[in-house]
Amino acid sequence: MRIDVISLFPEFVAQCAAFGVVGRAGERGLLSMHGWNPRDYAEGNYRRVDERPFGGGPGMVMLIDPLRAAIRAARAADPAPARVVYLSPQGARLDQAKVRELAGHARLILLCGRYEGVDERLIRAEVDEELSIGDYVLSGGELAAAVVVDAVARLQDGALGDAESAVQDSFEDGLLDCPHYTRPVEHELGAVPEVLMSGNHARIAQWRRQQSLGRTWQRRPDLFDEAALSKADRKLLAA
Ligand code: ADE
C-alpha cells in the first residue's frame, strides 16, 4: 500500500510511521510513505499557503492552488488510483470498519489541514471522503493522519506476526477486548484469574467472551448491540 501525505509538516507523519509494527511494515515493503508540502507549490517570495477568510472571523484558511498542485503531484507519482481523504473534525467518525475499508485501497492520499481549515471548493473538487478521529479539535490534521496510517498499516497482510493477529483486536467483532495477563501468576497487585491457567481452551474462550461482553456493556453501551447477541452470549452476560 502507498500512502501520500499532503501537509505543511509531512516529516511529522513519516516519523510517526517509523516505529514498531508500522515501521516494520515499511521495512517489509508492505507500506510506502511519501510526503508533499503545499508550500513547495506556493507562489511568490513568501510562498503563501493561507489567507484570511472571506466574511471575516478569526484564523486563516488554506489556499486552493498550493493544495491542489500538491495533490496532483502526489496522484501523478503513481499510476494506481488514489482515494483522497481529508482529516477534519467535520468528517465522519473513523472506526475499525472504516479502517478496514481504507486498508483495502492500493493508495491513499491523506490531506492535512492547518489553521481554520481548507477552502471548501478544494474539498468539493479533490476530496473523496472527510474523516474525523474524534469529537475534539486538533491544531492540524497530522496527528489524525498518523492515526489512519497506523491503523491501516497494521492490517496489511504480513504486518503483524501470528502472535499479534488482528482478528482478536478490540472492535473486530464489535466488542471491546478482554483483559490480558502475563507472568508472574502471583504478584502483590493480585493473582491471574485461575481460568487462564486451566489449560481448558473452551473455558478460556468462554471467559474471554464474557469479559468482552461485560466490558462493552459497562464502558461502551453505545457499541452494544443486544439484538446481535447469540443465545450463548446472553447467558454469559446474565451470569
Ligand atoms: N483536524 C483537527 N481536528 C481533527 C480531528 N478531530 N480529526 C481529524 N482531523 C482533525
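Keep in mind that what you see is a predicted model, and the values were worked out from it rather than measured. The numbers attached to residues start from 1 for each chain and follow its sequence in the written order. Residues qualify for local features only when their pLDDT is at least 70, as the model is predicted, and side-chain atom pairs are given and counted only at 80 or more; totals for whole chains, interfaces and linings, by contrast, use all residues.

## Digging into the UniProt feature "binding site: S-adenosyl-L-methionine" (unreviewed entry) in the chain
Stage number 1. If you check UniProt for "binding site: S-adenosyl-L-methionine" (unreviewed entry), the listed places come out as Gly 113, Ile 133, Gly 134, Asp 135, Tyr 136, Val 137 and Leu 138 in our numbering.
Stage number 2. Mapped onto the elements of the fold, Val 137 is located in the loop between β8 (129-132) and α6 (142-153).
Stage number 3. Looking at the secondary structure, you find Leu 138 in the loop between β8 and α6.
Stage number 4. Setting aside residues no more than four positions away along its own chain, Leu 138 makes contact with Leu 143 and Ala 144. UniProt positions are given in the numbering used here, feature names are shortened, and annotations may be inferred rather than shown by experiment. Put simply, DSSP H or I for four residues or longer makes a helix, DSSP E for two residues or longer makes a strand, and each gets a number counted from the N terminus. The contact criterion used here is simple: two residues whose C-beta atoms, placed from the backbone, lie within 7 Å are in contact.

## A word on the domain arrangement of the chain
Stage number 1. When its domains are assigned, the chain resolves into domain 1 (2-153) and domain 2 (170-238).
Stage number 2. For domain 1 versus domain 2, the separation of C-alpha centres amounts to 37 Å. Domain ranges listed in this record stem from an automatic or a database domain assignment.

## Overview of the sheet that holds strand β6 (residues 107-112)
Stage number 1. Pairing is parallel in the open sheet, where five strands are placed in the order β2-β1-β6-β5-β8. Each edge of the open sheet is held by one strand with a lone partner, namely β2 (32-36) and β8. Along the sheet, successive strands turn relative to each other by an average axial angle of 30°, direction set aside.
Stage number 2. If DSSP finds at least two bridges between two strands, the strands pair. Relative to β8, strand β5 (residues 83-93) is paired through five bridges, and the arrangement is parallel. In the sheet register, Leu 87 faces β8, and the bridge partner there is Leu 131.
Stage number 3. To obtain an axis, a line is fitted to C-alpha atoms, over the contacting stretch when the element is a helix, and the angle between two such axes runs from 0 to 180 degrees between their N-to-C directions. Sheet strands in contact with α6 are β1 (2-6), β5 and β6, and its direction is about 160° off that of β6.

## Some words on the site of the ligand
Stage number 1. To decide whether a residue is near a molecule or strand, its C-beta atom is placed from the backbone and checked for lying within 6 Å of it. What surrounds the ligand is the set Leu 87, Ser 88, Pro 89, Ser 132, Ile 133, Gly 134, Tyr 136, Val 137, Leu 138, Gly 141 and Ala 144.
Stage number 2. If you tally residues by element for the shell around the ligand, the top one is β5, at three residues.
Stage number 3. Any residue that is not Ala, Val, Leu, Ile, Met, Phe, Trp, Tyr, Cys, Pro, Asp, Glu, Lys or Arg is counted as polar, Gly included; the first ten are nonpolar and the last four charged. For the shell around the ligand, the residue count by class is seven nonpolar, four polar and no charged.

## So, the nonpolar core
Stage number 1. Ranked by internal contacts, the top residues of the largest apolar core, which has 44 residues, are Ile 6, Leu 87, Ile 109, Leu 110, Leu 111, Ala 145 and Val 149.
Stage number 2. Contributing elements (two or more residues each) for this core: β1, α2 (20-27), β2, β4 (61-62), α3 (64-76), β5, β6 and α6.
Stage number 3. For this core, the element with the highest residue contribution is α6, accounting for seven residues.
Stage number 4. For Leu 87, the residues in contact, after removing those within four places along its chain, are Leu 110, Leu 111, Cys 112, Leu 131, Gly 141, Ala 144 and Ala 145. By definition, a nonpolar core groups buried Ala, Val, Leu, Ile, Met, Phe, Trp, Tyr and Cys residues that are joined through C-beta atoms within 7 Å. Each residue is classed by its C-beta neighbour count within 10 Å, where at least 20 other C-beta atoms makes it buried, 12 or fewer makes it exposed, and intermediate counts make it partly exposed; the C-beta atoms are placed from backbone geometry.

## Section: the confidence of the model for the chain
Stage number 1. Within a predicted model, pLDDT stands for the predictor's per-residue confidence, ranging from 0 to 100. With 99% of its residues at a pLDDT of 70 or more, the chain has an overall mean of 95.
Stage number 2. The ipTM value of the predicted complex is 0.98, and its pTM value is 0.94.

## Overview of α3
Stage number 1. An expected span of 1.5 Å times one less than the residue number is assigned to each helix. For α3, which comprises 13 residues, the first-to-last C-alpha distance of 18 Å matches the rise-based estimate of 18 Å (1.5 Å per residue) to within 8%.
Stage number 2. Along α3, the positions that sit buried rather than exposed are Pro 66, Leu 67, Ala 70, Ile 71 and Ala 74. Taken down its axis, α3 places every buried residue within 130° of arc, on the same side. To be clear, the arc concerns the directions from the helix axis to the C-beta atoms.

## Looking at the pairing of β1
Stage number 1. The buried fraction of β1 amounts to four of the five residues, a majority that puts the element mostly inside the structure.
Stage number 2. By the bridge criterion, five bridges tie β1 to β2 in an arrangement that is parallel. Within β2, the residue paired with Arg 2 across the bridge is Ser 32.
Stage number 3. In terms of strand pairing, β1 meets β6 through five bridges, oriented parallel.

## Quick look at the sheet that holds strand β3 (residues 50-51)
Paired through backbone hydrogen bonds, the strands of a sheet run either parallel or antiparallel to each other.
Stage number 1. The sheet built from three strands is open, its strands ordered β3-β4-β7 with mixed pairing. Of all strands in the sheet, those with a lone pairing partner are β3 and β7 (117-118), marking the two edges.
Stage number 2. Two elements, β4 and β7, share two bridges in a ladder whose sense is parallel. Paired with Met 62 across the strands is Val 118, a residue of β7.

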